[in-house]
Amino acid sequence: MIDHALCFRPATEADAEALGRLNHQLIRDEGHRNPMSVDELVERMRRWLADDGYEALLGFDGDELVAYVLWRDEPDCVYLRQIFVHRDQRRQGVARHLMLSVFERWPGKRLVVDVLAGNARALAFWRRMGYRDYAVMLERLPPGDDEA
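Description of the structure in this document. Everything numeric in this text was worked out from a predicted model, so none of it was measured. (Residues numbered from 1 in each chain as written. Predicted model: local features only at pLDDT ≥ 70, side-chain atom pairs only at ≥ 80, totals over all residues. Heavy atoms only, no water.)

1. Notes on the side chain of Asp15
Formally: Counting from the N terminus, the helices are the DSSP runs of H or I reaching at least four residues and the strands are the DSSP runs of E reaching at least two. Working definition: with a 1.4 Å probe on protein chains only, accessible area under 20% of the residue-type maximum means buried, over 50% means exposed, and in between means partly exposed.
By secondary structure assignment, the location of Asp15 is in the loop between strand 1 (7-10) and helix 1 (16-30). Take Asp15: its relative accessible area is 11%, and that puts it in the buried class.

Put into structure tokens, the structure is as follows:
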């Protein structure tokens, strides 16, 4: 569990650069095939926060940004786009603490998240947080493009 207090605050457009860098680390850590560069991810994050209705909650250990959760409040649900915890902070309750803050914000609304099928730790985390399997997306890759 967390052995010290983390501080949380909402993200602003000024946080897009830091969030883009962390998003790049998230993509690598979860084995996602997204080929975007850090600069492209920063610009996408800036657009999401400025124009596309996304919001984020940032988690700080002192002055260091160590975690975030990114979502968009849609008419029928809250779509959780990303959650990230720095490698050194994982398995200490940080993600759980972030998500409890999100749950408090929307106590009566459906929350949804996409998880890569091969990310067993993430699947286990979301199930512990009360999420249930709803749908499975399957894909067929072109010949020679298998990455399984």
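2. Considering the sheet that holds strand 3 (residues 64-73)
What counts is decided by this rule: Two strands form a pair only when DSSP identifies at least two bridges running between them. A fitted line through C-alpha atoms serves as each axis, taken over the contacting stretch for helices, and the angle formed by two N-to-C directions is quoted from 0 to 180°.
Read across the sheet, five strands follow the order 1-2-3-4-5 without closing on themselves; strand pairing throughout is mixed. Looking at the sheet topology across the chains shown, the edges are occupied by strand 1 and strand 5 (111-113). Taking the axes of each pair of neighbouring strands and ignoring which way they run, one obtains an average angle of 25° across the sheet. Bridge count between strand 2 (residues 54-61) and strand 3: eight bridges; the pairing is antiparallel. The residue bridging Phe60 from the neighbouring strand is Leu65, located in strand 3.

3. Points about the nonpolar core
Just so we agree on the cut-off: As used here, the term nonpolar core means buried Ala, Val, Leu, Ile, Met, Phe, Trp, Tyr and Cys residues forming a set that is joined through side-chain atoms within 4.5 Å. Two residues form a contact once any of their heavy atoms are found within 4.5 Å.
One finds Val69, Trp71, Leu80, Met99, Val102 and Trp126 to be the most contacted residues of the largest nonpolar core, which totals 22 residues. Among the elements that make up this core, the one with the highest residue count is helix 3 (residues 94-105) (five residues). Discounting residues that sit within four places of it in the chain, Met99 has contacts with Val69, Leu80, Ile83, Phe125, Trp126, Met129 and Tyr131. Core analysis: the second largest hydrophobic core is formed by 17 residues, Ala16, Leu49, Leu58 and Tyr79 among them.

4. A short note on the packing of aromatic side chains
Here is the rule we go by: Only centres within 6.5 Å qualify two rings of Phe, Tyr or Trp (six-membered ring in Trp) as a pair; their planes then separate them into stacked at under 30 degrees, edge-to-face at over 60, and tilted for everything else.
Tallying each qualifying case throughout the model produces six aromatic pairs. Judged by centre distance (4.8 Å) and plane angle (35°), the rings of Trp48 and Tyr54 are tilted. Of the two residues examined, Trp48 and Tyr54, each falls in the buried class. Seen from their ring centres, Phe103 and Tyr131 are 6.3 Å apart, and the 40° between their planes marks the pair as tilted. Separated by 28 residues along the polypeptide, Phe103 in helix 3 and Tyr131 in the segment after helix 4 (120-128) bring together distant segments of the chain. Judged by its relative accessible area of 22%, Phe103 falls in the partly exposed class. A network of ring pairs unites the aromatic residues Phe103, Phe125, Trp126 and Tyr131 as a single cluster.

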